[in-house]
Amino acid sequence: MEVLHIVVLFAVVVLAVDTKQSKDHVCGRPIGSGFLQENDRIVAGYDVGYYRYPWYAALIRYKQVSCGAALIGPRTVISAAHCYKEFLDMSRMGYLRLEEIYTVKLGVYNVCRTDERTQKEYKIQRVQIHDRYYHKKPYYDIALLTLAADTGAYMPICLPDFVVKERPKEGTVPGLGTLKYEGAMPCTVHEARLLIYNDTECREMMNSTGNDPKAIRNAFCAGYEQGGIDTCQGDSGGPLQILSSKGDYVLLGIVSFGFHCAEPGLLGLYTDVSQYLDWIQEKSGLDAGIVNLIYNKTSSLKPSMENVTDVSTGPYRRKHHWRRPYRKPLRIIVLKKQHVVKTKGVLHHSIPIKNH
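What counts as what
- Residues numbered from 1 in each chain as written.
- Predicted model: local features only at pLDDT ≥ 70, side-chain atom pairs only at ≥ 80, totals over all residues.
- Heavy atoms only, no water.
- Disulfide = S-S within 2.5 Å.
- Helix = DSSP H or I, 4+ residues; strand = E, 2+ residues; numbered from the N terminus.
- Pairing = 2+ DSSP bridges.
- Axes fitted to C-alpha atoms, helices over the stretch in contact; angles between N-to-C directions.
- Phe/Tyr/Trp six-rings, centres within 6.5 Å; stacked < 30°, edge-to-face > 60°.
- Buried < 20%, exposed > 50% of the residue type's maximum accessible area, 1.4 Å probe, protein only.

Caption draft 1: Local environment of the state of the cysteines. Tallying each qualifying case throughout the model produces 4 disulfides. The disulfide that involves Cys67 links it to Cys83, with 2.1 Å between the sulfurs. On the sign convention where negative means left-handed, the S-S torsion of about -110° between Cys67 and Cys83 marks this disulfide as left-handed. Separated by 16 residues along the polypeptide, Cys67 in strand S6 (residues 64-73) and Cys83 in the loop between strand S7 (76-79) and helix H1 (88-92) bring together distant segments of the chain.

Here it is as structure tokens:
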């Protein structure tokens, strides 16, 4: 996550969306805080300081964080389809199973520590990629992961109850991505506060890169036109979250693709989760309005380690394939005008630039 070394304070803008929750909150409530008020403040681009977001998940491959994700209901995690992009063709040919690419770690604050009692690592039982992503990438960048064990110890983030037509002015993105382009990945979860731009400004930005602004599908732009603060390599699939009028965190976006990291004039694009509520319900059975009825546990700070698979030793340990060495994953990276910037170890494809 790209961090600008200045201190900027923003008022938390509250989305006027009422999630259909009972008085016993079951989603979107961070650890270590009471009821959030509209005047709460968070400093942009900083270490969150402790285990704060029980829904934040990390996709792990060879003991390294590959992508972010978010728990949205019992055993159900949402992430970006492009986290699997490199493996889709081989999966279709039957050479590998998408379910075996990553494990999912919940309860994360310091991913480098092995003694964090909140952490629990899960095998994936099922991966569902949006059908249109195969032909319309980088859009329709959304995937659902069904975990192989119970997640009742962790509170999920809330889903929007309806399509959000008027987005708030800003949101926050937690993640374990690099602190600068091609930089080191941090041990602890960092958070950036990003401005959310309207669709007209987003299309203008896309047009300035030489890409077709009319091609944007179910996505929105966030970041800063002046650059300096942004999501970056390793933040893919993570949640862009906002506050509801009740003080609950709601999942508005999924980190999708961007143009380098924190470059002036270049914003990041985020999958608009509210556009996929029907798809999420169809594939997972989760309804944003009744998730409290099927997920009626509150979050625990000390989840049981029962049924956790140790993926570092034994028959399930991850091994490097001699023909396919592991490469550090990136948010889709790009681009200067007139040519694509080639990046060492890029996992995802950049958007082609049209010649003028």
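Moving on, there is more to tell.
Caption draft 2: Main features of the sheet that holds strand S11 (residues 143-147). Read across the open sheet, the 7 strands follow the order S9-S8-S5-S6-S7-S11-S10; overall the sheet is antiparallel. Two strands bound the open sheet, and with one partner strand each, they are strand S9 (120-122) and strand S10 (124-129). Between one strand axis and the next, the sheet turns by 35° as a mean value, whatever way the strands run. As paired elements, strand S5 (residues 56-61) and S6 share 6 bridges and run antiparallel to each other. Note that in S6 the partner of Leu59 across the bridge is Cys67.

Caption draft 3: Representation of the packing of aromatic side chains in the model. Summed over the entire model, instances satisfying the criterion amount to 8 aromatic pairs. Considering the side-chain rings of Tyr53 and Tyr249, the 5.6 Å spacing of their centres and the 85° angle between planes classify their relative orientation as edge-to-face. Here Tyr249 lies in strand S16 (residues 249-257) and Tyr53 lies in the loop between strand S4 (46-47) and S5, a separation of 196 residues in the sequence. Of the two residues, Tyr53 and Tyr249, neither departs from the other in class, the shared state being buried. Between Trp55 and Tyr249, the aromatic rings sit 5.8 Å apart at their centres with planes inclined by 50°, giving tilted as the arrangement. You can see Trp55 sitting in the loop between S4 and S5 and its partner Tyr249 sitting in strand S16, a full 194 residues away along the chain.

This is a description of form; function is not addressed.
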